[in-house]
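The chain contents come next:
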Amino acid sequence: MGMDFSTLRTLISRYCVGEENWVDSRTIYIGHKEPPPGTEAFIQQRFPDNRIVSSKYTFWNFVPKNMFEQFRRVANFYFLIIFLVQLIIDTPTSPITSGLPLFFVITVTSIKQGYEDWLRHKADNSVNQCPVHVVQHGKVVRKQSRKLRVGDVVFMKENETFPCDLILLSTSRDDGTCFVTTASLDGESSHKTHYAVQDTKAYITEKEVDSIQATIECEQPQPDLYKFVGRINIYMDNEPVARPLGAENLLLRGATLKNTEHIYAVAIYTGMETKMALNYQSKTQKRSAVEKSMNAYLVVYLCILISKALINTLLKYVWQADSNRDEPWYNNRTDTERQRHIVIRAFTDFLAFMVLFNYIIPVSMYVTVEMQKFLGSYFIMWDDDMFDEELGERAVVNTSDLNEELGQVEYVFTDKTGTLTENNMEFIECCVDGHIYVADAICNGQVMPGATSMDMIDSSPGPGAREHEELFFRALCLCHTVQVKEEETVDGIKHGIHQGKSTSFYISSSPDEVALVEGMKRLGFTYLRLRDGHMEILNREDEIERFELLEVLTFDSVRRRMSVIVRSSTGELYLFCKGADSSIFPRVISGKVEEVRARVEHNAVEGLRTLCVAYRPLSPEQYTEVCHMLNGAKLSLHDRDKRLAEAYDAIEKDLILLGATAVEDRLQEKAADTIESLHKAGMKVWVLTGDKMETAAATCYASKLFHRNTQILELTTKRTEEQNLHDVLFDLSRTVLRQHGGMARDSFSGLSGDCTDFGLIIDGATLSAVMRPAQEDSNSGNYKEIFLEICRNCSAVLCCRMAPLQKAQIVKLIKASEEHPITLAIGDGANDVSMILEAHVGIGIMGKEGRQAVRNSDYAIPKFKHLKKILLVHGHYYYIRISELVQYFFYKNVCFIFPQFLYQFFCGFSQQPLFDTAYLTLYNISFTSLPILLYSLIEQHINVDILKKDPSLYRDIAKNSLLRWPIFIYWTLLGVYDAIVMFFGAYFLFDNTTFTSNGQLMTTNTQMMFGNWTFGTLVFTVLVFTVTFKLALDTHYWTWINHFVIWGSLVFFVVFSLLWGGIIRPFLNYQRMYYVFMQMLSSGPAWLSIILLITASLLPDVLKKVICRALWPTTTECIQSADKLYEGHLSEFTPLASLHAPSKAGGHRRGSGNQRNPRRSEPFRKKTMFTRWQKHPDYSTFTPLLRFADGHSKHAYSGGAGPETSV
């Protein structure tokens, strides 16, 4: 048989029983070679190919899938049903009135979504068809990326991007290392070092690599970018040699090879199983809060519609129960129709009434909304304030469905690297034993303009301390992982050129290490290279010093420090250590600790990234002991990280403090101002980054996310190792709730009266533990709610060491919380795509890290600073405009259809339309559609500059405040009132009539014939003028276009009615309006009636506005009133600048000397730019509305400008 029973048992258990190890791991045969006979069974597993799919539709499923998605919308499904009913039964109106607009909306949406998906297909094909070099039979062959298989040995060259997840076998570098950048994965553009397997790094040709006989056992694909567990079994003389594999051996898809000529690596995860693909979210259709409100209102109006139809159907049969009132013969009902079962007749009548009243739910509203969103999106793209000259780019709108959502954001989730910062590290200063040195402007290896010489702030140390100073400089030249490369061109910029001479260029996995080494170069000590295990530096006397590099104790986020052990040319052994002050100071036994500590604290307050430097001389015996400890830890296969950490802890002790450094990560222009404005606007800002905690925290301080008085709460791996997660969470929860007295905070201000300003820092590992579902046998419960409660009570949150999918999980957690807040995610790299897709609104930044974020976002902007305008101005306007559009459309359709309902009581419930077919069709399409469309495109209720300068105005529209149920009910009742006034006003004004012999009505004073079409035309005329004047009263921003469209639509109605009433052919069969309109206008009472009824309809709304503005003005109304007083120049007078800005007339200053800007930890007060005039009209005095809140005004204003909403 050739196969023993143990192998057979293994196969059966794997295929049939489901052995646990089989589920949790995979076996990969390098080069698809079978292992030597007798070693293990060769079981070739099936893996997916390397094809990436980000598209949503295929050619075959586009129509059914897209139709299903579109008809899931309540409105589309409703209009489809109405259209089918009109086709099936005899109804008062034509099927075209419903079918044509529905077809238009469905077609336009399908084309738009189909085009977007075609672009995704195109992008997928370009990736899947790009060429890849694979080693086969000792030769390098070329194949398409999509044909790559697990087990293929891939040959990669410098600056190529890895096509799948690979294990590094060998490199062109002698030490078996290679350098990669992972900017598109975790946002870090710095170089990271990866290591080849020790036993294969010597295989450097195609034939040698092809001769490798080995298998890799590793875990199944999982999305964590920073974790990988596996081992490689290399067969030498048929005996397997096992070596551990970790994240340092894994090259991720999307990363780019740098500073290494070529590498050989084996594919282990391909296609949709790569870590990058597992971190992508599927793209789902997003719906705005306004659209959800529209759907809710639609359901209400649908209920009203069904109620109307039921009432009319019931009353019709009650009416016809009297034999004298049976359906008359002239309705042309056949005997068959009359003898049908009463249930069928009633159902048919019910459907007919449904169609008659169907106009209460306007299909034209959805067409108008689509047009408003599409056309409105161009205002973002045309905005010159959001044009970046450096990039030559404008803002881009990828989807116009979410414009109004920009005005509803409550949580902003932002990436750090490349979004908040430019990722340019600048060396600021160093402090040696209390003496401070400043080297002018060193930034990422580039000498900034004007930096010509070293500038020393403090006096130089005495001769005795000179040696200490040089030791500090040497420590920084040696304690790092910087690599040296000759001149390099990146993005057209030549790095490493200094004063016209070609020099070296530094690269590192940590950008601030580059800044430190360059800073030392400016201070006289130049790191040259690492050659043959020796680090070479050039000292101030231009002498080359060589230090043998013995050990590197790498940096990790728990220890927060790194060390090197070196041997000098004289044989002395040193351990140089640098790290965070909190990890260095406790290990120091001598040195000028207090002086250095004071300087470190000063720099930390300034938002600079600080590092402390210390050293320890080692004796040969101590070094031997150190080597023994490190080797023992490195060779362990189990708990290797734990044993290494224990060894590092034992080695890095008894240090002598040398000094400290300060490096600045440059923020993007106006990033801090933007974050401050978002805070004032009531938004909570979270920073989600893959970066180290210390780096991210320093950026948060610099960007004003955290302030000096912010109490930082840590929920990190370091703390959860000291305490279990349950205790840490409850401690933090008690801390914040004790401070706030257990009371919920205002979700917008994020701060209460006398409370501490809290900031939370959490890392990816701890977040995973928090998100993990509760175990049934544990008493830990669900941690998510406790975590959310802590976050709610923090003004800012920093999440560091986040995998891309964890960023999306955080956004999803907040979205699903009890308050269901509107979220926005902003980022610039592929690592941000998941959170951009998860958030309600996703914004991509056109950064240096590819365009994945831009392609997958809803909006794209050139810089982070443009977020301020897109939210505070465009978002504000879009929400105000579409809110009015939605409410106005429902209002004008209630006005339109309610008289039709009332008319049924006067026509025997015969389904007789009150209005002519032409009026029914054109009311929403022509007579009233253009004014509201134009309003929803150009209305500016407040000046642009005021919105930018007073972010607190954004709070007034938060939580969908303009589309709440009370406001909706008010608009509906207003529509019902107007309809009653129009119908019964016309009815009673013409009640003084006499009947003629032919059944027509004739007025007593004019003998004018007054029939049902004249009555309907009179009501319709009042209706059109009333709803148009209502919109005119609501308009604040008048231009010639407004005047043209509003008054032009009224003129068009009159002209159309005159023409329609004067035409007989070719509409003879349908013409019931011949001469009706002219005859109506020839009557003096008709003119008087029109004027009286329009006035009576508009009066309550006008009175309500006047009274509310006088007694309970909102912040917006106060500003509108003040802006009129200042004739549109109010934007010059901002609340924050009221102490300094000159007034409009005269040279006086506004405000009083005792006013001050409130700190963030103080209770937030609404601020407006309203003027309180004195008894004498002094036009040079401006008093902010803050005085009103303090009770200094005789007016009945109490500072409550508009309703505040709590989450």
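Residues numbered from 1 in each chain as written. Predicted model: local features only at pLDDT ≥ 70, side-chain atom pairs only at ≥ 80, totals over all residues. Heavy atoms only, no water.

- The chain has the name Phospholipid-transporting ATPase in an unreviewed UniProt entry, where Gymnodraco acuticeps is given as its organism.
- As recorded by UniProt, the Subunit (unreviewed entry) comment attached to the chain reads in full: "Component of a P4-ATPase flippase complex which consists of a catalytic alpha subunit ATP11A and an accessory beta subunit TMEM30A."
- For the record of the chain, the UniProt heading Cofactor (unreviewed entry) holds the text "Mg(2+)". (UniProt positions renumbered as here; feature names shortened; annotations may be inferred.)

1. Describing the sheet that holds strand S1 (residues 25-29)
Piece 1. Pairing is antiparallel across the open sheet formed by four strands, whose spatial order is S1-S8-S9-S10. What marks the edges here is a single partner per strand, and that holds for S1 and strand S10 (239-245). With strand direction ignored, the average angle separating the axes of adjacent strands in the sheet is 20 degrees.
Piece 2. Relative to S10, strand S9 (residues 230-236) is paired through seven bridges, and the arrangement is antiparallel. Of the residues in S10, the one forming a bridge with Ile 232 is Arg 243. (Pairing = 2+ DSSP bridges. Helix = DSSP H or I, 4+ residues; strand = E, 2+ residues; numbered from the N terminus. Axes fitted to C-alpha atoms, helices over the stretch in contact; angles between N-to-C directions.)

2. Focus: the packing of aromatic side chains
Pairs of aromatic rings are described using the distance from one ring centre to the other and the angle between the two planes.
Piece 1. This structure, assessed with the given rule, holds 57 aromatic pairs.
Piece 2. With 5.5 Å between their ring centres and 15 degrees between their planes, Tyr 574 and Phe 576 make a pair best called stacked.
Piece 3. Classification of Tyr 574 by relative accessible area gives buried; the value is 15%.
Piece 4. We classify Phe 576 as buried; its relative accessible area is 1%.
Piece 5. Above the plane of the ring of Phe 357 lies Lys 308, whose end atom (NZ or CZ) is 5.8 Å from the centre.
Piece 6. Taking NZ or CZ as reference, Arg 597 lies 4.5 Å from the ring centre of Phe 585, over its face. (Phe/Tyr/Trp six-rings, centres within 6.5 Å; stacked < 30°, edge-to-face > 60°. Buried < 20%, exposed > 50% of the residue type's maximum accessible area, 1.4 Å probe, protein only. Lys NZ or Arg CZ within 6 Å of the ring centre and 35° of its normal.)

3. Things to note about the sheet that holds strand S37 (residues 757-763)
Piece 1. Across the sheet, nine strands lie side by side as S14-S41-S40-S39-S15-S35-S38-S37-S36; this open sheet has mixed pairing. Each end of this open sheet is capped by a strand with a single partner; those strands are strand S14 (396-397) and strand S36 (710-715).
Piece 2. As defined by bridge partners, strand S15 (residues 411-414) adjoins strand S35 (residues 684-688) across four bridges and the pair is classed as parallel. From the neighbouring strand, Thr 414 faces S35, where its bridge partner is Val 687.
Piece 3. Against the sheet, helix H24 (residues 783-792) touches S35, S36, S37 and strand S38 (796-800), its axis set at about 140 degrees to S37. (Contact = heavy atoms within 4.5 Å.)

4. Some words on the pairing of strand S39 (residues 823-827)
Sheet faces and side chains relate simply in a regular strand, where the side chains alternate between the two faces.
Piece 1. In terms of burial, S39 is a largely internal element, five of the five residues being buried.
Piece 2. For S15 and S39, the ladder comprises four bridges, and the chain directions are parallel. Within S39, the position partnered with Val 412 by the bridge is Leu 824.
Piece 3. Note: S39 against strand S40 (residues 841-845), four bridges, orientation parallel. Note that in S40 the partner of Gly 827 across the bridge is Gly 844.
Piece 4. Between the parallel pair S39 and S40, the chain is carried across by helix H26 (residues 833-838), and the sense of this crossover is right-handed. (Right-handed = clockwise from strand over helix to strand, strands pointing away.)

5. A closer look at the packing of helix H28 (residues 866-903) against helix H33 (residues 1012-1034)
Piece 1. Orientation of H28 relative to H33, taken along the N-to-C sense of each, is 160 degrees, at an axis distance of 11 Å. Between H28 and H33, the interaxial angle falls into the category roughly antiparallel. Crossing of H28 over H33 shows right-handed handedness. Counting all contacts with H28, which are made through Glu 884, Tyr 888, Tyr 891, Lys 892, Cys 895, Phe 896, Pro 899 and Tyr 903, the residues of H33 involved are Asn 1012, Phe 1015, Val 1019, Phe 1020, Leu 1023, Thr 1026, Val 1027, Thr 1028, Lys 1030, Leu 1031 and Asp 1034.
Piece 2. Class assignment for the residues of the contact of H28 with H33 results in 12 nonpolar, three polar and four charged. (Parallel < 35°, antiparallel > 145°, perpendicular 65-115°, else oblique. Left-handed = near helix turned anticlockwise from the far one by under 90°. Nonpolar A, V, L, I, M, F, W, Y, C, P; charged D, E, K, R; others polar.)

6. Concerning the UniProt feature "active site" (unreviewed entry) in the chain
Piece 1. In this structure's numbering, the residues bearing the UniProt feature "active site" (unreviewed entry) are Asp 415.
Piece 2. Summarising the element assignment, Asp 415 is placed in the loop between S15 and strand S16 (421-432).
Piece 3. The exposure class assigned to Asp 415 is buried, which follows from its relative accessible area of 1%.
Piece 4. If we ignore the near neighbours within four places in the chain, the residues touching Asp 415 are Leu 420, Leu 688, Thr 689, Lys 807, Ile 826, Gly 827, Asp 828, Asn 831, Asp 832 and Met 835.
Piece 5. Within the structure, Asp 415 has its side chain in polar contact with the side chain of Lys 807 (distance 3.3 Å). (Polar contact = N/O pair within 3.5 Å; in protein donor to acceptor, adjacent residues only side chain to side chain.)

7. Some points on unusual backbone geometry
Piece 1. A positive phi angle, near 60 degrees, is found at Asp 542, a position not held by glycine.
Piece 2. With respect to the secondary-structure elements, Asp 542 resides in the loop between strand S28 (534-538) and strand S29 (544-556).
Piece 3. On the accessibility criterion, Asp 542 (60% relative accessible area) is exposed.
Piece 4. Within the chain, Lys 959 stands out as a residue other than glycine whose phi angle is a positive 55 degrees.
Piece 5. Take Lys 959: it is sitting in the loop between helix H31 (944-949) and helix H32 (965-989).

8. Some words on the pairing of strand S8 (residues 214-219)
Piece 1. With respect to burial, S8 is a largely interior element, five of its six residues being buried.
Piece 2. Bridge count for S8 against S9 is five bridges, and the pairing is antiparallel. Bridging across to S9, Ile 216 finds its partner in Ile 232.

9. Structural notes on the environment of Pro 931
Piece 1. Structurally, Pro 931 is set in helix H30 (residues 929-938).
Piece 2. On the basis of relative accessible area, Pro 931 is assigned to the buried category, the value being 4%.
Piece 3. Sequence separation between Pro 931 and Phe 1044 is 113 residues, and the spatial gap between their C-alpha atoms is 9.3 Å.
Piece 4. Non-local contacts of Pro 931, meaning those with residues more than four positions away in its chain, are made with Leu 1031, Val 1045, Ile 1046 and Ser 1049.

10. Focus on the pattern of salt bridges
Piece 1. Evaluated as defined, the whole model comprises 42 salt bridges.
Piece 2. Glu 838 is the salt-bridge partner of Lys 815, the closest N and O atoms lying 3.1 Å from each other. Of this pair, Lys 815 sits in helix H25 (residues 804-815) while Glu 838 sits in helix H26, placing them 23 residues apart in sequence.
Piece 3. Glu 838 gets classed as buried once you look at its relative accessible area, which sits at 11%.
Piece 4. Two residues, Lys 1105 and Asp 1101, come together in a salt bridge whose shortest N-O distance is 4.0 Å. (Salt bridge = Lys/Arg side-chain N within 4 Å of Asp/Glu carboxyl O.)

11. Looking at helix H3 (residues 62-71)
Piece 1. If you check which residues of H3 are buried, you get Asn 66, Glu 69 and Gln 70. Buried residues in H3, looked at end-on, bunch into an arc of 95 degrees, giving them a common side. (Arc of directions from axis to C-beta.)

12. Brief notes about the state of the cysteines
Piece 1. The full count for this structure, using the stated rule, is zero disulfides.
Piece 2. The thiol of Cys 700 is unpaired, and the distance to the nearest cysteine sulfur, on Cys 800, comes to 8.9 Å. (Disulfide = S-S within 2.5 Å.)

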